[in-house]
Every structure is written in structure tokens, then in C-alpha cells.
Amino acid sequence: MPVLAHISDLHLDGTDRATERAERVMRRLRALPGRVDALLVTGDIADHGTEAEYEEAARILGLHDPDSPFPVLTCPGNHDSRGPYRKALLRTAPSDGPVNSAHRIGGAVVLMLDSSVPGSDDGLLDGETHAWLEDTLDGLDGDAPVLLAFHHPPVALHHPLPDSYQLRQPRSLAALLARRPEIVGVLTGHAHTPASTVFAGLPLVVGPGVTWTLRLPWEGADVADREAPPGFAFHVLDDERRLTTHFRVAD
């Protein structure tokens, strides 16, 4: 029964504020008396996509720390830049292709997908990513439940800011989900607000933002609540393939 921690939208920019908020969440997760099986980070890790921001992210997240209490799985968002992301965060050769990766966590598989569009704030799982996803699913045994994680939600969340930059071509993803019963849920970020809904008949959970929290239209005119504590989520995938999510804040 995998337990996954989930954070999103760190927007590390070299400021003390961004660093402190990200470090606060990581201290909370590392101090848990029980172990989580992995930490998912669903994009906008850096604010400007520079190597220095990713080097800081790697340090804060413990990506290359052999003593880290859990593996850290990442995917890019619209503020991220694929070349520096690969070079400084993943320590692989920089390239401009989508950053997709597959991870077996306990009895489940987590597929981290790149929904970023270079030079745009829009989201898209492009043809290369769809082909990678189909090939990866074909290579699995079909028995393990699969979670998809990427940055841009494929549905409206009822706020004009994130709804302006949703995942494009969501019907293509919905059609894939309909063909693939092993996929049991979708996890995203981008909106800076914890949210849960349904997409293509599956649970869709949006992780809260670390850098600031979105104020919904009925909460006030100011979009960004910068005083709210950084948030994170715990996802539990049980033996009946039911996904349950608990939201927390790092005070």
C-alpha cells in the first residue's frame, strides 16, 4: 500500500523566502515518524529555469543524497527549462526533449510526465510523450496500478488564472485513460491550491503550492495568499486500487 508525499510549485528563485518555504516542507517530511515511499514534485521547481535554481532544488530536495529517507520523483512545469533541469537537477546531458520517467514504488508504478511547452505557459502532453507513455505501459505487466503525474491540470478549477493555462488536448489523454484500466489516478500541480475532482472517470488531485496559495474568487481579489503556510499532500493507494488523499501544511 504505497504512501506518496506530493509537493508542487516551489518556484525557487534565489530569495530567502522561497528557500525557507521549501526547506520548511522538507524538514516536515523528513521528520515524519513513519516512512513515505516516495516524494512527488509536480513542476515549477525553479522560477526562472536557471542552473543555479536547480542546483539549489537538488540540495533542498536531497536528490543526490544517499541518506535521503525517500526517493524524490520530479517533472517539469511551465516555469522550468528542460536543458538546465536535466543538467543541474538530474545530472544528465542537457537536451530539449520532454522529460518523462517511470518509477516502480512498492506494488505501484508512477509515471512522471512532462506537460511543459517550451516558451509558453500552456500545458501539453505532446506526441513524443504520448508515444513514450503507450510504450511504457505496454512494457509493464498490466497488473500493477499506475499513477500519472504532471504539471498542468486537464480540467477547469474555477479560477481564471490556472484555467487560462490548462492542459491542451485533454480529450487525447481521456481517450488513453479509457484504453488503459491499469491507470488509477492523475496527480498534477500548477494551480497553487489543493483540489480534487474527477477526470475521465478517475480521481484527479491537484497538489498545493509551496511558494504561495491561490485565493479563489470568493475568497478575495488578491490572487496570491503569500502568508498561507506551504502545503503538501499524502496519497495512499490501497489494495483495492482506491486513491485517498490527505492535505497538510508545514507550519
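Relevant structure appears above.
The model shown is predicted, which means the values in this text are computed figures rather than measured ones. (Residues numbered from 1 in each chain as written. Predicted model: local features only at pLDDT ≥ 70, side-chain atom pairs only at ≥ 80, totals over all residues. Heavy atoms only, no water.)

Caption draft 1: Highlighting the layout of surface pockets. The computed volume of the largest pocket comes to approximately 220 Å³. As for the largest pocket, its lining consists of 14 residues, of which Asn78, His79, Leu161, His190 and His192 are closest to the centre. Looking at side-chain class alone, the lining of the largest pocket contains six nonpolar, five polar and three charged residues. Put simply, the second largest pocket is a space of about 160 Å³. Residue composition of the lining of the second largest pocket, grouped by class: two nonpolar, seven polar and three charged. (1 Å grid on protein atoms, 1.4 Å probe; cavity = no way out; pocket = protein on both sides within 12 Å on 5 of 7 lines; lining within 4 Å. Points joined across faces, edges and corners; volume = space filled by probe spheres on them. Nonpolar A, V, L, I, M, F, W, Y, C, P; charged D, E, K, R; others polar.)

Caption draft 2: Up close: helix H2 (residues 51-61). Residues of H2 that are buried: Glu53, Tyr54, Glu56, Ala57, Ala58, Ile60 and Leu61. On its buried face, H2 sits against strand S1 (3-7), helix H1 (16-30), strand S2 (38-42), strand S3 (72-75) and helix H3 (82-90). (Buried < 20%, exposed > 50% of the residue type's maximum accessible area, 1.4 Å probe, protein only. Helix = DSSP H or I, 4+ residues; strand = E, 2+ residues; numbered from the N terminus. Contact = heavy atoms within 4.5 Å.)

Caption draft 3: Spotlight on the packing of aromatic side chains. Overall, the coordinates contain two aromatic pairs when judged by the stated rule. Between Tyr54 and Tyr85 the ring centres are 5.6 Å apart and the planes differ by 75°, which places this aromatic pair in the edge-to-face class. With Tyr54 in helix H2 and Tyr85 in helix H3, the pair connects residues that are 31 residues apart, well separated along the chain. Just as Tyr54 is buried, Tyr85 falls in that class too. When the centroid spacing of 5.3 Å and the interplanar angle of 85° are considered together, the rings of Phe232 and Phe234 count as edge-to-face. (Phe/Tyr/Trp six-rings, centres within 6.5 Å; stacked < 30°, edge-to-face > 60°.)

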